[in-house]
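# Commentary on secondary and tertiary structure
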Amino acid sequence: MTTTVFSQITNPTNNPDMPQEQPLSPLQKQLETRQFIQTYSTENQEVYAAMPLKRCIDTAPSIQEVGRQYGTHIVKAWISALIMNLCEFCGLKVTANSEQMNSVAGIVMKEFGWLNAKELLVFFYRQKTGRYLTFYHTFDGSILLRSLRVFINERMAAARQLEEDRRKEELNRRSSKCVSYDEYRRMLEAGELDHLFTDEELEYFHRPPRNKG
């Protein structure tokens, strides 16, 4: 099933009824789609999952962006492949059928389209580890979506940590540009800061006004 789903993605001309949402040539569309799948395939789940989640934020195209670029059918097929891979991993007796996968993929696109491709791969990896709600012999789309909401909480926490890291980095950057009081006094006495003051301020610091040389 997974192979069939990927063949539909990498060969979009196999299904002429699929809407072409972007004015890309068939060859360009196929090449870019192949690149997307290679980069964000199930085989790379462990690679991204090994990173701190905050490093996956804003470093990959969002689900919505992929849909706009290649068409919603590409995203649905990609998510369906992730679902099928998860079902196979869990050894479910009753796996997801095409209607279920299409429905779940549509909900993910609508409700969580702001997530990016790396983040979704991390979610599916964590679902495999038993971190969230589990299936009982049969695939249940509602369980997967409820697990995704738990992941969203983790993602938001990672986003807050990323913002805090950036804030600290900016503060450190600004601090590195500051000078000590002794250096400030030296620059003031050497006239290196005269251009920053008015004549009145220069007089206060016992510096000659600019118009007097």
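Refer to the structure presented above.
Only a predicted model underlies this, so the values are computations on that prediction, with no experimental measurement involved. (Residues numbered from 1 in each chain as written. Predicted model: local features only at pLDDT ≥ 70, side-chain atom pairs only at ≥ 80, totals over all residues. Heavy atoms only, no water.)

We now examine the overall build of the protein. Along the backbone of the protein there are 10 helices and zero strands. Put simply, the protein runs from its N terminus to its C terminus through helices and strands in the order α-α-α-α-α-α-α-α-α-α. The buried share among the 213 residues of the protein stands at 41%. Looking at the protein alone, contacts between residues at least 24 apart form 70% of all its contacts between residues at least 6 apart. Taken as a whole, the protein presents about 12700 Å² of accessible surface, with 50% of it coming from carbon and sulfur. (Helix = DSSP H or I, 4+ residues; strand = E, 2+ residues; numbered from the N terminus. Buried < 20%, exposed > 50% of the residue type's maximum accessible area, 1.4 Å probe, protein only. Contact = heavy atoms within 4.5 Å. Areas by Shrake-Rupley, 256 points an atom, 1.4 Å probe, with all protein chains shown as cover.)

A few words on the nonpolar core. In terms of nonpolar packing, the biggest core is built from 47 residues, with Trp 78, Ile 79, Ile 83, Leu 120, Phe 139 and Leu 144 touching the most fellow members. Only α2 (26-39), α4 (63-70), α5 (72-90), α6 (98-112), α7 (117-128) and α8 (141-176) provide two or more residues apiece to this core. It is α5 that provides the largest number of residues to this core, a total of nine residues. (Core = buried A, V, L, I, M, F, W, Y, C linked by side-chain atoms within 4.5 Å.)

Right, let's get into α2. Look at α2: 20 Å from first C-alpha to last across 14 residues, which is about the 20 Å you get at 1.5 Å a residue. Of all the residues in α2, the buried ones are Lys 29, Gln 30, Thr 33, Phe 36 and Ile 37. Considered in projection along α2, the buried side chains sweep an arc of 125 degrees and stay on one side of the axis. Exposed side of α2, more than 90 degrees from the buried face: Leu 27, Leu 31 and Gln 38 are the residues found there. (Expected span 1.5 Å × (residues − 1). Arc of directions from axis to C-beta.)

Turning our attention to the packing of α4 against α5. Look at α4 against α5: their axes get within 6 Å of each other, and the N-to-C directions meet at 130 degrees. By the angle between their axes, α4 is oblique relative to α5. Mapping the contact onto sequence places Ile 63, Val 66, Gly 67 and Tyr 70 in α4 and Thr 72, His 73, Ile 74 and Val 75 in α5. A per-class count over the contact of α4 with α5 returns five nonpolar, three polar and no charged. (Axes fitted to C-alpha atoms, helices over the stretch in contact; angles between N-to-C directions. Parallel < 35°, antiparallel > 145°, perpendicular 65-115°, else oblique. Nonpolar A, V, L, I, M, F, W, Y, C, P; charged D, E, K, R; others polar.)

This part covers the packing of aromatic side chains. Applying the stated criterion to the full structure yields eight aromatic pairs. Taking 5.2 Å as the distance between ring centres and 50 degrees as the angle between the ring planes, the aromatic pair formed by Phe 36 and Tyr 40 counts as tilted. Among the aromatic residues, those joined into a cluster by ring pairs are Phe 36, Tyr 40, Tyr 48, Tyr 70 and Trp 78. (Phe/Tyr/Trp six-rings, centres within 6.5 Å; stacked < 30°, edge-to-face > 60°.)

Let us now look at the environment of Phe 123. Relative to the elements of secondary structure, Phe 123 occurs in helix α7. Overall, the relative accessible area of 1% leaves Phe 123 in the buried class. For the pair Phe 123 and Ser 147, spaced 24 residues apart in sequence, the C-alpha to C-alpha distance is 8.6 Å. With sequence-adjacent residues up to four places away left out, Phe 123 is seen in contact with Tyr 132, Leu 144, Ser 147, Leu 148 and Phe 151.

Function cannot be inferred from these measures alone, as they are strictly geometric.
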